[in-house]
Every structure is written in structure tokens, then in C-alpha cells.
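Spelled out from the first residue to the last, the chains are:
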Amino acid sequence: MILYTPLSETDIFPTELKDYQKRQTVQVDGRIVELEQIEEGSYRVVQLLSTNPQDYLNQSLHPGEIISI
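Residues numbered from 1 in each chain as written. Predicted model: local features only at pLDDT ≥ 70, side-chain atom pairs only at ≥ 80, totals over all residues. Heavy atoms only, no water.

**Student:** What should I look at first to understand the overall build of the protein in this one?
**Tutor:** Counting its secondary structure elements, the protein contains 2 helices and 4 strands. For the protein, the sequential pattern of α-helices and β-strands runs α-α-β-β-β-β. Along the first, second and third principal axes, the C-alpha set of the protein runs to 40 × 30 × 15 Å. Taking all 69 residues of the protein together, 20% fall into the buried category. In the protein, the share of contacts with a sequence separation of at least 24, taken over all contacts with a separation of at least 6, comes to 26%. For the protein, the exposed surface amounts to about 5,400 Å²; the carbon and sulfur share of it is 51%. Side chains of the protein carry 5 positive and 11 negative charges; the gap between the two charge centres is 3 Å. (Helix = DSSP H or I, 4+ residues; strand = E, 2+ residues; numbered from the N terminus. Buried < 20%, exposed > 50% of the residue type's maximum accessible area, 1.4 Å probe, protein only. Contact = heavy atoms within 4.5 Å. Areas by Shrake-Rupley, 256 points an atom, 1.4 Å probe, with all protein chains shown as cover. Lys, Arg positive; Asp, Glu negative; His and termini not counted. Charge placed at Lys NZ, Arg CZ, Asp CG, Glu CD.)

Here it is as C-alpha cells:
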């Protein structure tokens, strides 16, 4: 079976439930981003969910970047 999806493998088959519970999908600057909470008010970008190629050129939304909400 082949599963075509924009989600990563860890979203579909989470290995550790604790890490997965820290993640949330929010809208940042009009783009949908999956974030992982590091500490209160500080988040690490896990994945950008977009079909617009221009969104991936925004360096502040690259995976691993730290943002505050």
C-alpha cells in the first residue's frame, strides 16, 4: 500500500507519544506550521505545511528555527 500525504512519517506513525503531544499545528504569518514547544512561549518549527513554493523560501519558517508566539 502506498500512502500519499504531505505529513511526515513521524506524524502518521509516532514513535514516542510524549514528544508528539508537545506538537501543535498553528498559523504563523498566514502559513500553517507544525511547532514543537521548547519552553513557555518558545517553539521550534518542525514542518511547514504549504502548497506554495514561495513559502519554503521564508527562512524564519525552516525546520529547526526557534519562534515565539
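**Student:** I tried to follow the side chain of Ser42 on my own but got confused; where do I start?
**Tutor:** Inspection of the secondary structure assignment puts Ser42 in strand β3 (residues 42-49). Residue Ser42 is classed as buried on the basis of its relative accessible area, which comes to 12%.

**Student:** Explanation requested: the environment of Leu57 in the structure shown.
**Tutor:** In this fold, Leu57 is placed in the loop between β3 and β4 (66-68). According to the relative accessible area criterion, Leu57 is exposed, its value standing at 60%. Residues Leu57 and Glu40 lie 17 residues apart in sequence; the distance between their C-alpha atoms is 27 Å.

**Student:** What is the right way to look at the pairing of strand β2 (residues 31-39) in this model?
**Tutor:** For a regular strand, side chains alternate in direction, first toward one face of the sheet and then toward the other. Relative to β2, strand β1 (residues 23-28) is paired through 6 bridges, and the arrangement is antiparallel. Bridging across to β2, Arg23 finds its partner in Glu36. The hairpin turn running from β1 into β2, its antiparallel successor, is 2 residues long, and Asp29 in that turn takes a positive phi close to 55°. Pairing geometry for β2 and β3, over 7 bridges, is antiparallel. Looking at β3, one finds that Val33 is bridged to Leu48. In textbook terms, the turn of a hairpin is the stretch between consecutive antiparallel strands, and for β2 and β3 this stretch comprises 2 residues, one of which, Gly41, has a positive phi near 85°. (Pairing = 2+ DSSP bridges.)

Everything listed is a geometric property; what it means functionally is a separate question.
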